[in-house]
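Spelled out, the chains give:
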Amino acid sequence: MTKHVIRPLTLDTYPAWLALAEKHNGVWGGCYCSYFHSSTASTVKDDYDRATFKRRLVEEGAAHAALVFEGDQAIAWCQYGSPVELPNIYHRKEYDAGERNPAPWRITCFFVDRDHRRKGVALEALLGALELIARAGGGEVVSFPNIVEPGKRVSSSFLHNVTPGMFEEAGFTFERRIGKNKTVMRKVVAPA
């Protein structure tokens, strides 16, 4: 079994991240993992193509991800950040209406190379993100995994925030449902 290494998304790892995204046509129709981000004080989202927008966010320290590497190749990522960095969550009004204690960290998106799916790599990315959050001081983390109804087949490529079972495996607890197929799950991460 090949040993995987977790590295944060930085300017040094951005080319490997970009290669993975481009291998998959920009991911989800050219999103380049930018959907959950908004403009910053110095970067207006609609002024750039999505790959350039993401790079600018990395330069500003406003985009975070745990990248899973196999050798020099990124094979997966788990995007995380603050609610300010990642404000565009699905069912935000419903989430905000039920949120009594906003968490300082959010996990919004996963992507796994098609050649490495169904091998536990997404869990590696999640655990890597939690470790990076711990190194950044820890705190409460919230995420919004997708519910797959029993008997319904869904391609893993459409599960941008995986399923509750994987989050439970990483120690998250179910809090509530939002929308038809989303959940809110939470975990406190101790500082490293």
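Structure's up top.
Read on for an overview of the structure. Nothing here was measured: the structure is a model prediction, and the numbers come from that model.

A count of helices and strands for the protein chain gives five helices and seven strands. Listed N to C, the secondary structure of the protein chain is β-α-α-β-β-α-β-α-β-α-β-β in terms of helices and strands. By principal-axis analysis of the C-alpha atoms, the protein chain measures approximately 45 × 35 × 35 Å. Residues classed as buried in the protein chain amount to 50% of the 192 residues present. Of the roughly 9500 Å² of accessible surface on the protein chain, a fraction of 52% belongs to carbon and sulfur atoms.

Let us look at the environment of valine 189. Structurally, valine 189 can be placed in strand E7 (residues 182-189). When its relative accessible area of 8% is taken as the criterion, valine 189 is described as buried.

In this section: the side chain of glutamine 79. Its place among the elements puts glutamine 79 in strand E3 (residues 73-81). In terms of polar contacts, glutamine 79 uses its side chain to reach the side chain of histidine 37, at 3.2 Å. Side chain to side chain, glutamine 79 and threonine 108 meet in a polar contact 2.7 Å long. Not counting residues up to four positions away in its chain, the partners in contact with glutamine 79 are Cys33, Phe36, His37, Lys54, His64, Ala65, Leu86, Arg106, Ile107, Thr108 and Cys109.

What follows deals with the pairing of strand E4 (residues 105-112). Residues in a regular strand project their side chains so that they alternate between the two faces of the sheet. Burial analysis of E4 places eight of its eight residues in the buried class, which makes it a mostly covered element. Both E3 and E4 contribute to a ladder of six bridges, which runs antiparallel. Across the sheet, residue cysteine 78 finds its bridge partner in E4, namely phenylalanine 110. Across three bridges, the pairing between E4 and strand E5 (residues 139-143) is parallel. Following the sheet pairing, isoleucine 107 is matched in E5 by serine 143.

The subject of this paragraph is the nonpolar core. Ranked by size, the top nonpolar core spans 28 residues in total, and within it Ile107, Phe110, Leu126, Leu130, Val141, Phe167 and Phe172 carry the most contacts. Only strand E2 (64-70), E3, E4, helix H4 (121-135), helix H5 (164-169) and E7 provide two or more residues apiece to this core.

Once that is clear, we can look at the sheet that holds strand E1 (residues 5-8). One key point about sheets: their strands pair by backbone hydrogen bonds, in either a parallel or an antiparallel sense. Reading across from one edge, E1-E2-E3-E4-E5-E7-E6 is the order of the seven strands in this open sheet, with mixed pairing throughout. Bordering the open sheet on either side are E1 and strand E6 (173-178), each of which pairs with just one other strand. The mean inter-strand angle of the sheet, taken between neighbouring strand axes irrespective of direction, is 30°. Packing of helix H1 (residues 14-23) onto the sheet brings it into contact with E2, E3 and E4, and relative to E3 it is tilted by some 100°.

Our next topic: the environment of tyrosine 35. In this fold, tyrosine 35 is placed in the loop between H1 and helix H2 (50-60). Considered as a pair, tyrosine 35 and cysteine 109 are 74 residues apart in the sequence and their alpha carbons are 9.4 Å apart. Apart from the residues within four sequence positions on either side, tyrosine 35 is in contact with Lys45, Asn88 and Tyr90.

Turning our attention to H2. Among the residues making up H2, those that are buried are Ala51, Phe53, Lys54, Leu57 and Val58. With its buried residues spanning 160° around the axis, H2 presents them on a single face. Contact partners of the buried residues in H2: H1 and E3. Where H2 begins, the capping side chain belongs to aspartate 49, and its oxygen is found 3.1 Å from the backbone nitrogen of alanine 51. Just beyond H2, the residue with positive phi is glycine 61, at close to 75°.

Take the packing of aromatic side chains next. Ring pairs (aromatic) are described by centroid distance and by the angle formed between their planes. Scanning all chains against the criterion turns up 11 aromatic pairs. Relative to phenylalanine 36, the ring of tyrosine 35 has its centre 5.1 Å away and its plane inclined at 90°; by these criteria the two rings are edge-to-face. One aromatic cluster is present, built from ring pairs that chain together Tyr14, Trp17, Tyr32, Trp77 and Phe111. Over the aromatic face of phenylalanine 69 sits the side chain of arginine 7, whose NZ or CZ is 4.4 Å from the ring centroid.

Analysis parameters
Residues numbered from 1 in each chain as written. Predicted model: local features only at pLDDT ≥ 70, side-chain atom pairs only at ≥ 80, totals over all residues. Heavy atoms only, no water. Helix = DSSP H or I, 4+ residues; strand = E, 2+ residues; numbered from the N terminus. Buried < 20%, exposed > 50% of the residue type's maximum accessible area, 1.4 Å probe, protein only. Areas by Shrake-Rupley, 256 points an atom, 1.4 Å probe, with all protein chains shown as cover. Polar contact = N/O pair within 3.5 Å; in protein donor to acceptor, adjacent residues only side chain to side chain. Contact = heavy atoms within 4.5 Å. Pairing = 2+ DSSP bridges. Core = buried A, V, L, I, M, F, W, Y, C linked by side-chain atoms within 4.5 Å. Axes fitted to C-alpha atoms, helices over the stretch in contact; angles between N-to-C directions. Arc of directions from axis to C-beta. Phe/Tyr/Trp six-rings, centres within 6.5 Å; stacked < 30°, edge-to-face > 60°. Lys NZ or Arg CZ within 6 Å of the ring centre and 35° of its normal.

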